[in-house]
Amino acid sequence: VTRRRWLFADQLGPHFLDHPILDAAGADEPVADEVGHGALQPVLLVVSRRAFHRGPIHRRKAHLLLSALLHRAAELGERASLVEADTYRDAVIALGEPLEVVGPTSRAAVGLVESLPDVTVLPPRGFAASGEAFTAWATGRRQLRLEDFYREQRRRLGLLLEPDGTPTGGTWNLDAENRQPPPRGAHRLGDATTIPDPWWPTEDDLDAEARALLDRWVRDDGLVLLGADGPRRFAVTAAEATAAADHFLDHRLGAFGPYEDAMLADDRWMAHSLLSVPLNLGLLDPVELARAAEARYRAGAAPLASVEGFIRQVVGWRDYVWHLYWRGGPSYAASNVLEARTPLPHWWEALDADAVTARCLGGVLRDLHDEGWVHHIPRLMVLGSWALQHGLDPQALTDWFRRAFVDGYDWVMVPNVVGMSQWADGGVMATKPYTSGGAYLHKMSDYCGGCRYSPTVRAGPTACPFTAGYWAFLARHREQLAGNHRLRTVLGGLDRLQDLPAVLAQEQARGTAAP
Ligand SMILES: Cc1cc2nc3c(=O)[nH]c(=O)nc-3n(C[C@H](O)[C@H](O)[C@H](O)COP(=O)(O)OP(=O)(O)OC[C@H]3O[C@@H](n4cnc5c(N)ncnc54)[C@H](O)[C@@H]3O)c2cc1C
Ligand code: SF4
């Protein structure tokens, strides 16, 4: 029986249809697609209205998902059936055909496809290591450290590896070269380096159709959208994704490494790749992308530190997060060891940057409002850090991140928010909570210069919310964090703060009002 291949909106690249898959052990040798269908296997694409109605969603994200589905349907022509329905279930039942689907990317979607009649579920794709390869690596380890997994990935895939098995350049990790503050005096990274703007797509009729559909849902179905509309910024087809990746690798990769952690108020993109959207739509294969980055280094076109840093993200962090999501199960997603229960304040939920005067937080919220995207450090050290300091509920926060970010999906948000940014897993992902006072933000950005607060002040009208919030967070969780040797020095510092009672009273009074 030739089953129709059902493709979810995050399975739209060629490798989710006809491309060979890695073997079960995750070896680098591709084996023939086990289903063995020819190029004309029919395809089902579903626009599920309910999928867009799970709480207010950023307009940019909704647009990207719809645009990607419409573009894939147009590419596949008569081969594909594009169905709009209230739910996925309705679409599948109405079609009434035997289907097969590549393993979906969320626990809820796996539950759905398994509950439907006559749907065969194939192994997941789109990641560098199979579940079996990850389990083989993880079995027997006391701690699942990213660094160890990443080295295993490099060895297994032969990335940046010399013939004798040693890492290219003599070291696995060039992080120390990749943590530079922004160039002094520059307002945009391109002012101080030679990097051009990112690659931007050109919108077409299908984007107009996606926009019109959203407007109709807002008008007729009560769809609630967040944030601003604007020209599409991210790739939604495999061809666009390849163009975006090539542009990044040829022109921007060199500056990626050193300024990976830096922020500039007037440069929201810095030298980041903007490839999480096409990667998470399933349009790019992460191993091919990593090999293309390595080729730039081998050709002398990009420095090793940048290439190593990028490969670490794409086949290290991204895969690590994916596998932790499945390994952790529902109890991991629900974890809340710091018992954080504060609801998300309204200005936060609504991306209301105008309500915020703290220049860093306000600037990041505005970028998020405008684009549905900010890079890793604003996510972790501005949004995540403020949320952690104020005890925002990690599950509500995960849901917000998923809805507000163009690249947000359950598998990637749960480990990144619950684990990495909120330490709600008690240290599975991060050895200590990621939070800081204003001094770190001052060093790594140009936000503090024009701010009404001062990063060095912790009490009084100019007290930096991050500096005061940092001490208040440590004081609140002092007992729980006491056994963490990485925090011993800072926790000891609490006793030397003579104004600690005043700082705590001030932070209690500020609560979650917009700073
Ligand atoms: C609180 C928080 C929430 C996040 N939410 C998401 C999310 O919903 N979706 C998402 O793809 N990433 C998420 N990340 C990881 C990371 O911030 C984004 O992947 C990155 O900022 C996307 O921009 P980029 O494509 O320019 O990435 P680059 O900086 O150019 O990095 C290259 C690629 O590496 C991958 N990558 C790097 N770090 C991670 C990571 N921690 N987890 C997964 N992939 C990673 C991404 O695919 C990214 O495209 C989150 C991080 C934090 C701290
Ligand atoms: S002073 Fe504090 S609140 Fe203001 S920009 Fe700096 S870190 Fe942010």
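Rules behind the numbers
Residues numbered from 1 in each chain as written. Chains lettered and ligands numbered in written order. Predicted model: local features only at pLDDT ≥ 70, side-chain atom pairs only at ≥ 80, totals over all residues. Heavy atoms only, no water. Helix = DSSP H or I, 4+ residues; strand = E, 2+ residues; numbered from the N terminus. Rg over C-alpha atoms; globule rule 2.2 N^0.38 Å. Buried < 20%, exposed > 50% of the residue type's maximum accessible area, 1.4 Å probe, protein only. Contact = heavy atoms within 4.5 Å. Areas by Shrake-Rupley, 256 points an atom, 1.4 Å probe, with all protein chains shown as cover. Lys, Arg positive; Asp, Glu negative; His and termini not counted. Charge placed at Lys NZ, Arg CZ, Asp CG, Glu CD. Near = heavy atom within 4 Å. Nonpolar A, V, L, I, M, F, W, Y, C, P; charged D, E, K, R; others polar. Polar contact = N/O pair within 3.5 Å; in protein donor to acceptor, adjacent residues only side chain to side chain. Salt bridge = Lys/Arg side-chain N within 4 Å of Asp/Glu carboxyl O. Phe/Tyr/Trp six-rings, centres within 6.5 Å; stacked < 30°, edge-to-face > 60°. Lys NZ or Arg CZ within 6 Å of the ring centre and 35° of its normal.

A.B. asks: Before we go on, may I ask you to explain the overall build of the protein in this structure?
C.D. replies: When helices and strands are tallied, the protein shows 22 helices and 9 strands. A compact globule built from 515 residues would reach a C-alpha radius of gyration of about 24 Å, and the protein, at 23 Å, matches this within 12%. A principal-axis box enclosing the C-alpha atoms of the protein has dimensions of 75 × 65 × 45 Å. For the protein, buried positions account for 57% of its 515 residues. Sequence separation of at least 24 residues holds for 76% of the intrachain contacts in the protein that already meet a minimum separation of 6. Total accessible area on the protein stands at roughly 20800 Å², and carbon and sulfur atoms take up 52% of it. Charged side chains in the protein number 53 positive and 64 negative. The centres of these two groups are separated by 6 Å.

A.B. asks: In this structure, what is going on with the site of ligand 2? I would like to understand it.
C.D. replies: Taken together, Ala-358, Cys-360, Gly-438, Leu-441, Tyr-447, Cys-448, Cys-451, Tyr-453, Ser-454, Pro-455, Cys-464 and Pro-465 form the complete shell of residues around ligand 2. A per-class count over the shell around ligand 2 returns 10 nonpolar, 2 polar and no charged.

A.B. asks: Help me understand the site of ligand 1 in this model?
C.D. replies: Near ligand 1, the surroundings consist of 27 residues, among which His-272, Ser-273, Leu-274, His-376 and Met-413 are the closest. Interatomic distance of 3.2 Å between a side-chain N/O atom of Gln-313 and a nitrogen atom of ligand 1. Between ligand 1 and Asp-407 there is a distance of 2.9 Å, counted from a nitrogen atom to a backbone nitrogen or oxygen. Alone, ligand 1 offers 810 Å² of accessible surface; in the complex the protein occludes 99% of this. Elements with a contribution of two residues or more to the shell around ligand 1: helix H10 (276-280), helix H12 (304-333), helix H15 (376-389) and helix H17 (410-421). Among the elements that line the shell around ligand 1, the one with the most residues is H12, at 6 residues.

A.B. asks: What exactly am I supposed to notice about the pattern of salt bridges here?
C.D. replies: Once their charged atoms are close, side chains differing in charge can pair, the charge on each being opposite to the other. Scanning the entire structure with this criterion turns up 39 salt bridges. The salt bridge partner of Glu-147 is Arg-151, with a shortest N-O separation of 3.0 Å. With a gap of 4 residues between them, Glu-147 and Arg-151 both fall in helix H5 (residues 146-157), about one helical turn apart. Taking the shortest distance from any N to any O, the salt bridge between Arg-179 and Asp-175 comes out at 3.4 Å. Put simply, Glu-147, Arg-151, Arg-154, Asp-175, Arg-179, Glu-308 and Arg-312 are held in one network by salt bridges that share partners.

A.B. asks: Whenever I open this one, the packing of aromatic side chains confuses me. Can you help?
C.D. replies: To describe a pair of aromatic rings, one takes the distance between the centres and the angle between the planes. Using the criterion set out here, one finds 27 aromatic pairs in the structure. Ring centres 6.0 Å apart and planes at 90° place the aromatic pair Phe-248 and Phe-256 in the edge-to-face group. Note on accessibility: Phe-248 and Phe-256 belong to one class, buried. Over the ring of Tyr-325 we find Arg-107; its NZ or CZ atom is 4.5 Å from the centre of that ring.

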